[in-house]
Structure formats: structure tokens, C-alpha cells
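# Chains, contacts and geometry: an overview
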Amino acid sequence: MAAAAHASRRSGRFLLDALATASRSAIGTRRFGARAGVDRVALGAIAGARGVSSSAPSQRAAKDKAAELAMIKDLREKTGAPLMDVKKALSAASFDLEAAYAELRTRGLAAASKKAGRVAAEGLVGVSVSACGQRAAIVEVNAETDFVSRNEQFLRLVADVSNAAVAATGAADADGYVDAGALENLAMPDGAFSPGATVGEAAAATAASVRENIKVRRAYVMTASGAGEVLGHYVHGAVAGAASAGRQAGLVRVSSRDGGDVDPEKARGVASKVAMHAVAVAPRFLDPEGIPEDVVSGEMAILHAQIEGSGKPANVVEKIVSGKMRKFHEETCLTKQKFVMDDAKTVETFVNGEVNGLVVSRFARLKVGEGIEVQAKDFAAEVAATVADTAA
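Heads up: these notes are all about the structure in this document. Note that the structure is predicted; figures quoted are calculated from it, not measured. (Residues numbered from 1 in each chain as written. Predicted model: local features only at pLDDT ≥ 70, side-chain atom pairs only at ≥ 80, totals over all residues. Heavy atoms only, no water.)

### Quick notes on the nonpolar core
A general feature of soluble globular proteins is that nonpolar side chains tend to end up buried together. For the record, the criterion: Joining through side-chain atoms within 4.5 Å is the link that ties buried Ala, Val, Leu, Ile, Met, Phe, Trp, Tyr and Cys residues into a set, and such a set is a nonpolar core. Relative accessibility thresholds used throughout: buried, under 20% of the residue-type maximum; exposed, over 50%; partly exposed, between the two (1.4 Å probe, protein chains only). Segments assigned H or I by DSSP are reported as helices when at least four residues long, segments assigned E as strands when at least two residues long, and all are numbered from the N terminus. By the convention used here, residues are in contact when the closest approach between their heavy atoms is within 4.5 Å.
Counting residues in each nonpolar core, the largest one holds 32 residues, and the members touching the most others are Val 141, Phe 154, Leu 157, Val 161, Leu 183 and Ile 214. Breaking this core down by element, the ones donating at least two residues are strand E2 (135-143), helix H6 (152-167), helix H8 (199-210) and strand E4 (215-223). Ranked by the residues each element gives to this core, the list is headed by H6, at 8 residues. Every residue in contact with Leu 157, bar those within four places of it in the chain, is listed here: Val 141, Met 188, Ala 202, Ala 203, Thr 206 and Ile 214. Core analysis: the second largest hydrophobic core is formed by 20 residues, Val 262, Val 355, Leu 358 and Val 360 among them.

Here it is in C-alpha cells:
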């Protein structure tokens, strides 16, 4: 009992001494007008007397803040949403990461649907080639402005969509064409910014982030069997930091006429040059045999109508029509066009001259915004609409 009482008196004296020290420190602090330091000194002295660390609450607060910042960073990288939107979503979800992610996705889809009616005629064409080199795709992804089409997130979307098109099977028609509906339903591949999502969902998320209408418009997929078939491609107006995306792109397949093996590197170089020609000259058809019958009959009817009434004999009229059709083939068919790098040769003679027996068996070309009708806008109204969307 006596020992306990003695220990208690000692503890009491120690606490009183600590309070006295705190009081003297407070008085000294007030002399210099630094009132803010009083509470910290006093609390520190008292806490020290009780054996409690006064820094514990601040350490816990720092840990909580670090955890919040980590969640904000994680969700920002996962969704690409604006920073303020991420903070609001986390706050509303009491910092439940999954709930905040679901909320941002819902918001993004709603925001994208609001923008869906706006014309998107800018953007990029992306190219992707499989690791084996026997499968390739070109895709067109549209945005409203050229500025957004240089955005890092948009560039990533174009690359991911191109890779999704290469990886998918069964989405293309007999000519290799993939329309918007089929393209949007493709699954994003592993390593994409939004793995597990569809292409359409990834485009909607990007639209919500960049605050523009984003459209995945079309694609072409091309394959080579490997038996004397080689693919080549060309990208025109490639964006800095994204060599596989530009304003235009072309894909070309060259094949051995007899099905024999060819030097793949040399054949790929030839195919890439022909792809450059296709981008520069924009042929409509591969060769005369590939022109649809209705196009041929329509062109023939026009030519006959032009010559009717000239009084020329029928056999002469037919010769004139045949000559004009040859001219039509030279203007519209890839193989019959003058090669853009050497106009003394046609494309088919150039290809055969580079590798004996090599022919062009397929091509595809895409240009950003081609065929999209763009309406003139009132600049003031456009700015007001942008401000309204940003506020929303």
C-alpha cells in the first residue's frame, strides 16, 4: 500500500511538473505573439507525461490521405475520367473504389449518349499487324476536332481498336470489311486500356473523358495464307509518337501467281509501296474483273449516250466505247493505274518487275472523314454548346 501511494504521488508530481513546463512555455510563446504554438507545446508535454505520442493522430491522418490519393490515382488511370469527376465519384461512394468506378462508367455512358448526335469527322486511321505478319487491320476512329485526335487517350483507343480488329475472327464480310456495329461489339484485347470491355464501351468512356463525340466507324481486315502471300501497309500523315496512326492508311496483299514461295521481305517492301500508291491515288477497284456489273453497265450506258447521234457507224461507236472503258479502267483500277513512283509503268508491271510472278491480290484504303457530311457551324453557338457540356 505504502509503495503504491508513493508511486502515485510521484506520478502526480511528474504531471504537475509537466503542466508547469507547458505553462512557462506558453507564457514565453505569448511574449512573441506565436499563440499557435501554445497548444502544441502543452499537449506535447501532457501527452509525454502520460506516455502517449502526440504525433499518432497526425500519422493516422497522413496514412488516410495517402490512401485517398492512391485511390484517386488508381481510378483516374483506370477510367481516364477528369480528376474532379474522379474525386466527386469517390466522395459520393464513401471511397468505395468499385462503387465509384461503376458510377463513373454510368456517367460516362450517359455523357457519351448526349454527344452522339454531333458530327465527328476528324480523327485517325490506325493500323495493326499480328505478330506472325499474316493478319492486319486498318480502322477509322472519329472525333469532333483534330485537337482531340492528338490526345494521348484517343491515340490509345485507336491502337486498342486496331488490335481488337486483328485479334477478332468472324467480324468481317467476304471483302474484309467490318462495319460500325460489328466493330463496336468486339472485345478489347489483353493489354488494352479497358480490358474486358467492348470497343463501343471503350469509345464511350473515351468520349466522356475528352468531352467529345467519339465514333468507331469502320475497319478492314486482311489475311495472308503464308503460301506465297505477303501483306504490306502504309500510313500517311502519321502522328508523332504513334507511327501506326495517321490521316490515311492502306493495306495491300501481294501473291505469287503460281502459289510458289516468295522472298517475304522483298514482297513486303513491294506491297508497302503499292499501299502508298493506293493512299495517294485512291483507286476504286482492284482490277477490271473486280468492277461490279452494275457499275460497268452504267458506265457503258453513259458512253453510248454521249456518242449517239454522232452519225458514226456502229463498229466505230463500239471502238470508241471500248477505248473510253480502257481509260475508265486506268483511272479507277489499281492494277491498271500508272504507278505513282514511276509513271512509265502501271502498278501491275511494277509489281511483276520487282518480283517475277508477283501480283496484287487485294487492297484496302481508309481516309479520315471520307464520305461524312460536315455542316458549317456558328462559332459562337459552338463555343456556348461546349461550355454547357463542360458545366454538365
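Additional details are given in the paragraphs that follow.
### Some thoughts on the pattern of salt bridges
To keep things clear, this is the line we draw: Within this document, salt bridges are pairs made up of a side-chain nitrogen of Lys or Arg and a carboxyl oxygen of Asp or Glu, the two lying within 4 Å of each other.
All chains considered together, the criterion is met by 10 salt bridges. Two residues, Asp 160 and Arg 156, come together in a salt bridge whose shortest N-O distance is 3.4 Å. Here Asp 160 pairs with Arg 156, and both are found in helix H6, just 4 residues apart, close to one helical turn. Note on Asp 160: relative accessible area 5%, which makes it buried. For Arg 365, the salt bridge is made with Glu 370, and the minimal N-O distance between the two is 2.9 Å. Given a relative accessible area of 34%, Glu 370 falls into the partly exposed group. Each member of the salt-bridge network shares a partner with another, and the members are Glu 122, Asp 146, Arg 150 and Arg 247.

Any functional reading would require information that these geometric values do not contain.
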